[in-house]
Amino acid sequence: MVFSTKVQMRMNKRTIQRKKDKQAAYVFLILLFFIPSCMYGVASDYTPDFAAFGEITFSEGVTNESVPIRPVDAYEPGTIKICAVFPFMNMEDGMQVEVEWLYNNEWFYSTEEEWDEGTEGITHRSISWEDDRELEPGTYTLRLFINGQLARAADIEVLAPEEEITPEPARNPEDLIDPDLMKAWEILAYSDNDLLNDLAGLVPDYGIELRLTDEIDSNGQYVYASGKKEPGKVYISWDFWERKSWEEVSGTIAHELTHAVQHLTSDEETFGCTIEREYEAYMAEFYVLMETGREDILMKSWSAIYNPKTGKIWKNELWKALREAYSTCPEY
């Protein structure tokens, strides 16, 4: 058996419940460009002062920068890989880390590592068979140890096959997307980046509307119904749309659609601003700029976290920058 960190994903539609309640109060998740929100808890309530791993997120895949693609709370039958994403803090290079996987509470696989990923940030691990055979249905447990002490654990289930479900009719993107935003959405839909393709697919698959408005103060907002797993809407400011390039508008849409995924796959009681969620959203925005050749925008606004020689984002530096900007938000 060989376990790798390569990723290929599909969103678990079974994890998203679509309920209709027109009386639900709409709550605005205002995402100002790099301006922290004060709506949520204080970071110190969640940030330990000792070496630790944060909450584990499971997904069908993950990017090189540890951004989950199609997060899940259970895997579909036929899954061939389990991907786990988790933040870390107060670590030191050289610490002994053990990554252990259990299957139905029995040892399945483990590795011992010498930590070399720096002090804080986000990382990922995955598990699969070398020949890409399907993982058996059951409960898989990831346990993370630091210097021999259990630091974090989480379970995820691979579901057993059941009767085939009749798919719902596909929605027409033209009915959901403002005509003036269609070109920006198509940048995502026809990108070579799997994550961006998946974000674009949320619109027809789950009925998330993309609309222009002059009633918001930020570049973009994701609006959702409080207490419901309804798809919600993404709004883009008319002023932002008029001033910025298609690539920048598309990046903002990707940012807000990332928050839509987070909302639809999170516990409603714990959903809110976190460094981890903002990291994922900004990385989606950066992927658009990199995929469309607009590194000039990255260099102008994000030179501290973008390496033009390698064409990659310094993910730990981005994490630190977001932690400072969103100082009132917990890390995960």
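For the structure itself, look to the data block above.
The structure displayed is predicted, hence computed values, not measured ones. (Residues numbered from 1 in each chain as written. Predicted model: local features only at pLDDT ≥ 70, side-chain atom pairs only at ≥ 80, totals over all residues. Heavy atoms only, no water.)

Chemist: Quick rundown of the overall build of the chain? Include the residues and the values.
Modeler: What the chain contains, in helices and strands, is 8 helices and 15 strands. Long-range pairs, those at least 24 residues apart, make up 72% of the contacts in the chain between residues at least 6 apart in sequence. For the chain, the exposed area adds up to about 16,200 Å²; of that, 46% sits on carbon and sulfur atoms. (Helix = DSSP H or I, 4+ residues; strand = E, 2+ residues; numbered from the N terminus. Contact = heavy atoms within 4.5 Å. Areas by Shrake-Rupley, 256 points an atom, 1.4 Å probe, with all protein chains shown as cover.)

Chemist: Could you give me a rundown of the side chain of threonine 79, with the residues and numbers involved?
Modeler: You can see threonine 79 is positioned in the loop between strand E4 (68–71) and strand E5 (81–89). Looking at threonine 79, the relative accessible area reads 12%, which means it is buried. In this view, threonine 79 contacts Glu134, Leu135 and Val158; residues no more than four positions away in its chain are not counted. (Buried < 20%, exposed > 50% of the residue type's maximum accessible area, 1.4 Å probe, protein only.)

Chemist: Can you tell me about unusual backbone geometry, naming the residues and giving the values?
Modeler: In this model, arginine 70 sits at a positive phi of 55°, which is unusual for a non-glycine residue. Examined against the element boundaries, arginine 70 turns out to sit in strand E4. Backbone geometry places asparagine 105, a non-glycine residue, at a positive phi of 70°.

Chemist: Tell me about the state of the cysteines, and name the residues and values.
Modeler: Working definition: the covalent bond between the sulfur atoms of two cysteines is a disulfide. One pass over the structure, following the stated rule, counts 1 disulfide. Here cysteine 273 engages in a disulfide with cysteine 329; their sulfurs sit 1.9 Å apart. Where cysteine 273 bonds to cysteine 329 through sulfur, the torsion about that S-S bond is close to 100°, and the disulfide is right-handed. Linking cysteine 273 in the loop between helix H5 (246–264) and helix H6 (275–291) with cysteine 329 in the segment after helix H8 (315–325), this pair joins segments that are 56 residues apart in sequence. Cysteine 273 gets classed as buried once you look at its relative accessible area, which sits at 6%. You can call cysteine 329 buried: its relative accessible area is 1%. (Disulfide = S-S within 2.5 Å.)

Chemist: Help me get a handle on the nonpolar core, residues and values and all.
Modeler: What tends to happen in soluble globular proteins is that the nonpolar side chains get buried as a cluster. Membership of the largest hydrophobic core comes to 59 residues, with the highest contact counts inside it found for Leu199, Leu210, Ile253, Leu257 and Phe286. Not counting residues within four places of it along the chain, the set of residues in contact with leucine 210 comprises Leu176, Ile177, Asp178, Leu181, Trp185, Val203, Val234, Ile253 and Leu257. Formed by 26 residues, the second largest nonpolar core is a distinct cluster that contains Trp101, Phe108, Trp115 and Leu142. (Core = buried A, V, L, I, M, F, W, Y, C linked by side-chain atoms within 4.5 Å.)

Chemist: Before we move on, could you go through helix H3 (residues 194–206) and cite the residues and values that matter?
Modeler: Its 13 residues give H3 an end-to-end C-alpha distance of 18 Å, which sits within 8% of 18 Å, the value for a rise of 1.5 Å per residue. The largest bend along H3 measures about 25° and falls at alanine 200, with the proline proline 204 one to four residues further on. Structurally, H3 contributes buried residues whose contacts are with E4, helix H1 (173–176), helix H2 (182–189), strand E11 (209–213), H5 and H6. For H3, the N-terminal cap is asparagine 193; the gap from its side-chain oxygen to the backbone nitrogen of leucine 195 is 2.9 Å. (Expected span 1.5 Å × (residues − 1). Bend = angle between axes of the 7 residues up to and from the residue. Polar contact = N/O pair within 3.5 Å; in protein donor to acceptor, adjacent residues only side chain to side chain.)

Chemist: I'd like a rundown of the pairing of strand E8 (residues 121–128), residues and numbers included.
Modeler: Taking burial as the measure, the 8 residues of E8 include 8 buried ones, the bulk of the element. Of the two faces of E8, the one lined by Gly121, Thr123, Arg125 and Ile127 and the one lined by Ile122, His124, Ser126 and Ser128 are each fully buried.

Chemist: Provide a residue-level description of the pattern of salt bridges, including the pertinent values.
Modeler: Per the counting criterion, the structure on display carries 12 salt bridges. As a salt-bridge pair, arginine 294 and glutamate 247 come within 3.4 Å of each other at their nearest N and O atoms. Placement of the pair is arginine 294 in the loop between H6 and helix H7 (295–301) and glutamate 247 in helix H5, with a sequence separation of 47 residues. Judged by its relative accessible area of 23%, arginine 294 is partly exposed. (Salt bridge = Lys/Arg side-chain N within 4 Å of Asp/Glu carboxyl O.)

Chemist: Quick one: what's the story with the packing of H3 against H5, residue by residue and with numbers?
Modeler: Close contact between H3 and H5 brings their axes to 10 Å; oriented N to C, the two are set at 70°. Classed by the angle they form, the pair H3 and H5 counts as roughly perpendicular. From H3, Leu196, Leu199, Leu202 and Val203 reach across to H5, where they touch Ala254, Leu257, Thr258 and Val261. Of the residues belonging to the contact of H3 with H5, the class tally is 7 nonpolar, 1 polar and no charged. (Axes fitted to C-alpha atoms, helices over the stretch in contact; angles between N-to-C directions. Parallel < 35°, antiparallel > 145°, perpendicular 65-115°, else oblique. Nonpolar A, V, L, I, M, F, W, Y, C, P; charged D, E, K, R; others polar.)

Chemist: Give a description of the environment of tyrosine 235 that names residues and reports values.
Modeler: For tyrosine 235, the location among the structural elements is in strand E13 (residues 233–237). On a C-alpha basis, the gap between tyrosine 235 and aspartate 214 in space is 9.3 Å, while along the polypeptide they are 21 residues apart. When sequence neighbours within four positions are dropped, the list of residues in contact with tyrosine 235 reads Arg211, Thr213, Ile216, Asn219, Gly220, Gln221 and Val223.

So yeah, pure geometry; function would need other evidence.
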